[in-house]
Amino acid sequence: MIFEACRCAWEGCIRSVRDAVQALLVLGATALSQQRTVREFVVINLSDRADGDGVFQRLAQVLDLIERFDPGRLRRMRRYCKRIYIVPGGASEGSYWRSTNACALHVNHILSDSVLSVAMTIVHEAMHARIELAGIRYVSGRRMRIENACVRQELEFAELVPESGPEMQEARMALARVCAGNSTGTI
Ligand SMILES: [Zn+2]
């Protein structure tokens, strides 16, 4: 128990330093980036794709899908997470940035995957925001429970959308990988 408490404190210290560095880098990059308000979210394009690629428009379609099938969820998401960063491609489709209380979405995911798949990613990351704002920190001992909660939200939302079987299957597989310990990052 003492070891667990020390580990949590150490993880919290590392996270605080990492968050501070990330916040500084993001604030610097934000000043040089395209920024728009899309469906009441502040969206900052940190990727190398220009607006001509339709990335903001695609994101509007994603938020419209959530509004259409689960408007109450979208209203709640605006309270938990007001910013969305569009970032260059990476290992995961999205992540929650605690330092700026923002959802980060990879540009290739936005432009190449289905609108529903991107919507599920936003739903997932917004749940991370909700959990963080409730004061529950993302430490290794809680990782599986937190990811379970986030994927459950994805699946709850996807059940409301017709023909969502493939995306739901993908979400279940991602969760299984985390449970099996095959992934060390967030999903
Ligand atoms: Zn996650």
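A quick note: this is a predicted structure, and the numbers were derived from the prediction, not measured. (Residues numbered from 1 in each chain as written. Predicted model: local features only at pLDDT ≥ 70, side-chain atom pairs only at ≥ 80, totals over all residues.)

### Topic: the sheet that holds strand 5 (residues 102–106)
And then number 1: As summarised here, the arrangement of the five strands in space is 1-2-3-5-4, forming an open sheet in which the pairing is mixed. Two strands lie at the open edges of the sheet, namely strand 1 (34–38) and strand 4 (94–97), each paired on one side alone. Neighbour-to-neighbour, the strand axes of this sheet turn through a mean angle of 25 degrees, independent of strand direction.
And then number 2: In the sheet, strand 3 (residues 83–87) pairs with strand 5 via five bridges, with the strands oriented parallel. (Pairing = 2+ DSSP bridges. Helix = DSSP H or I, 4+ residues; strand = E, 2+ residues; numbered from the N terminus. Axes fitted to C-alpha atoms, helices over the stretch in contact; angles between N-to-C directions.)

### Comments concerning the nonpolar core
In globular proteins that are soluble, nonpolar side chains generally tend to be buried together.
And then number 1: Residues I84, Y85, I86, C103, L105, A119 and A126 are the most contacted members of the largest nonpolar core, which totals 38 residues.
And then number 2: Here the element with the most residues in this core is helix 5 (residues 115–133); it accounts for nine residues. (Core = buried A, V, L, I, M, F, W, Y, C linked by C-beta atoms within 7 Å. Buried ≥ 20, exposed ≤ 12 C-beta atoms within 10 Å, placed from the backbone.)

### Structural notes on unusual backbone geometry
And then number 1: Even without being a glycine, R39 presents a positive backbone phi close to 50 degrees.
And then number 2: When you line up the elements, R39 lands in the loop between strand 1 and strand 2 (41–45).

### Notes on the confidence of the model for the protein
And then number 1: Here the protein averages 85 in pLDDT, while 78% of its residues score no lower than 70.
And then number 2: Considering each helix and strand of the protein separately, the mean pLDDT is smallest for helix 1 (residues 2–31), with a value of 60, and largest for helix 2 (residues 55–69), with 97. (pLDDT = per-residue confidence, 0-100.)

### Remarks on the environment of R130
And then number 1: The residue R130 is located in helix 5 in this model.
And then number 2: The exposure class of R130 is partly exposed, given the 19 C-beta atoms found within 10 Å.
And then number 3: For the pair R130 and R79, spaced 51 residues apart in the sequence, the C-alpha separation amounts to 8.9 Å.

### A word on the pairing of strand 3
And then number 1: Summarising burial for strand 3: four of the five residues are buried, a large majority.
And then number 2: Sheet topology places strand 2 next to strand 3; four bridges connect them, and they run parallel. In the sheet register, V42 faces strand 3, and the bridge partner there is R83.

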